Amino acid sequence: MFEEGEKMPYESEKGLELLAKYIGKPDKTNCYLSYPQLKSLLENNKGQIGFGSKCIYFLVEKDDYIELYFFADNIVDLSEEREYLQRILPSDKDVIISIVLNGKQVDKYEHIMQNLGISLYKKYLRKKRKIDTSVEIPSQENVCLAEPADIDFMKEMIFETFDSISDKIPNRFELEKMISNGQILKYVITDRLAGFLIYERQGKKSYVRMLCTGENFRGNGVGKSLLREYIKREYNHVKLFYLWVDSQNEAALSLYSKEGYISDGLEQYIFIRRCE
């Protein structure tokens, strides 16, 4: 292990080689990024590796905050690194730590975060839906693929609805790419964008990244129609549907429950250290 406070230059791959042994091990890291993704962040000067006395850290620079990933042989060792983290973390930006846990792990991590001066910000629940071949889903009226001309309206709805810190908001480039790939469905009422759904296929799983209904169109079944059309389109390509939902969003929880999504026991906890 490196001496406390030593940092690898972003262009070096040596630090990445040390992180590689932790990738894919949720008991040792909160990082869900792949090796190529971490390498790309370093090469584009959007990431930095830091070495504490017992843990390694990867800092990712976002527009409004810093996302912090940790890598440790023993997660409890994080509790001893408060002074080091205070030195390497910027004071002018919020710092976010996202951790996926099951119910048995929550108390341990909350205690660790408290020792680091980091507070719980939000909790998300993972929901899944299996394929039911006995039920035929009809096509939904008013739902079609989004177009590049929809992007400005989509961005406006996104920033009115979602949390820029915890909801993984896509930028314009991502929206353009997903529209080109046919990954965004829209619901139109009298030529107006009433809502949209963004999804990603990951092998035999399909993931709803974002479902949004415009404020003036809520209560009209827009979200339900988008969700059903999405499921119909993905039905023959995957074996499992899943998504993450804010534990306090009662409307979304109700919709997903009615459409056959159930909790699978995993929860995502967003912790935050506010800037000074």
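Per chain, residues are indexed from 1 in the order of the written sequence. Reporting of local features is limited, given that this is a predicted model, to residues whose pLDDT is at least 70; pairs of side-chain atoms are given and counted only at 80 or more, and all residues count toward the totals for whole chains, interfaces and linings. Side-chain numbers come from the whole structure's heavy atoms, not from hydrogens or water.

Colleague: Quick one: what's the story with the overall build of the chain, residue by residue and with numbers?
Modeller: Summing up its helical and strand segments, the chain has 8 helices and 12 strands in all. Rg of the C-alpha trace for the chain: 20 Å, near the compact-globule value of 19 Å for 276 residues, within the 12% margin. Taking the principal axes of its C-alpha atoms as reference, the chain extends roughly 60 × 40 × 35 Å. To sort residues, take the accessible area from a 1.4 Å probe on protein chains only and compare it with the maximum for the residue type: under 20% means buried, over 50% means exposed, and anything in between is partly exposed. Across the 276 residues in the chain, those meeting the buried criterion constitute 47%. Total accessible area computed for the chain in this model is approximately 14,700 Å², and 45% of it derives from carbon and sulfur atoms. Counted as positive: Lys and Arg. Counted as negative: Asp and Glu. His and the chain ends are not counted at all. Lysine's charge is taken at NZ, arginine's at CZ, aspartate's at CG and glutamate's at CD. Across the chain, 40 positive and 44 negative side-chain charges occur, with their mean positions spaced 5 Å apart. Where helices and strands are cited, they refer to DSSP runs of H or I of at least four residues and of E of at least two residues respectively, numbered from the N terminus. All radius of gyration figures rest on C-alpha atoms, and the globule criterion is 2.2 Å times the number of residues raised to 0.38. What sets the accessible areas is the Shrake-Rupley method with a 1.4 Å probe; for residues, cover comes only from the shown protein chains.

Colleague: So what's going on with the packing of aromatic side chains? Which residues, and what values?
Modeller: When two rings of Phe, Tyr or Trp (its six-membered ring) have centres within 6.5 Å they constitute a pair, described as stacked for plane angles under 30 degrees, edge-to-face for angles over 60, and tilted for the intermediate range. A complete count under the given rule lists 8 aromatic pairs for this structure. Relative to Y84, the ring of Y57 lies with its centre 5.8 Å away and its plane at 35 degrees, an arrangement referred to as tilted. A residue pair is termed long-range when its members are at least 10 positions apart, and Y57 in strand β3 (residues 55-61) and Y84 in helix α3 (residues 82-88) qualify at 27 residues. The same class applies to Y57 and to Y84, which are both buried. Both rings, one in Y207 and one in Y242, keep their centres 5.1 Å apart while their planes meet at 20 degrees; by these two values the pair is stacked. Of this pair, Y207 sits in strand β10 (residues 205-213) while Y242 is found in strand β11 (residues 240-246), placing the two residues 35 residues apart along the sequence.

Colleague: Residues and numbers for the nonpolar core, please.
Modeller: Buried residues of nine kinds, namely Ala, Val, Leu, Ile, Met, Phe, Trp, Tyr and Cys, make up a nonpolar core once their side-chain atoms join them within 4.5 Å. Judged by nonpolar contacts, the single largest core of 26 residues is most densely connected at L227, Y230, Y256 and Y261. Of all elements in the fold, only β8 (184-189), β9 (192-202), β10, α7 (222-234), β11 and α8 (250-258) reach the threshold of two or more residues within this core. Here this core takes 5 residues from α7, the largest share from any one element. The residues touching Y256, leaving out its near neighbours within four places in the chain, are L211, L227, L243, V245 and Y261. Of all hydrophobic cores here, the second largest spans 25 residues; its members include L59, L68, I99 and F271. Only heavy atoms enter the contact rule, under which two residues are in contact if any of them lie within 4.5 Å.

Colleague: Summarise unusual backbone geometry; cite the residues concerned and give the values.
Modeller: You will see that N45, though not glycine, has its phi angle at about 55 degrees, which is positive. On the basis of relative accessibility, which here comes to 46%, the residue N45 falls in the partly exposed class.

Colleague: Can you explain the pairing of β10? Please cite residues and give values.
Modeller: On a regular strand, each side chain points to the face opposite its neighbour's, so the side chains alternate between the two faces of the sheet. Burial analysis of β10 places 8 of its 9 residues in the buried class, which makes it a mostly covered element. Pairs of strands are assigned from DSSP output, requiring at least two bridges between the strands. Two strands pair when backbone bridges link them, and β9 and β10 are joined in this way by 8 bridges, in the antiparallel orientation. In the strand pairing of β10, Y199 is matched with V208. Between β9 and the antiparallel strand that follows it, β10, lie 2 residues; G203 among them carries a positive phi value of about 65 degrees. Here the term right-handed applies to a crossover when the path leading from its first strand over the helix to its second strand runs clockwise, the strands being oriented away from the viewer. Handedness of the β-α-β unit built from β10, α7 and β11 comes out right-handed.

Colleague: Now, about helix α5 (residues 151-161): what can you tell me, with residues and values included?
Modeller: Those residues of α5 not exposed but buried are I151, M154, M157 and I158. The arc that holds every buried residue of α5, seen down its axis, measures 125 degrees, which confines them to one face. Exposed side chains of α5 directed beyond 90 degrees from the buried face belong to F153, F159 and E160. Where α5 is buried, its residues meet α6 (172-180), β8, β9 and β10. Directions are taken from the helix axis to each C-beta atom, and the arc is the one they span.

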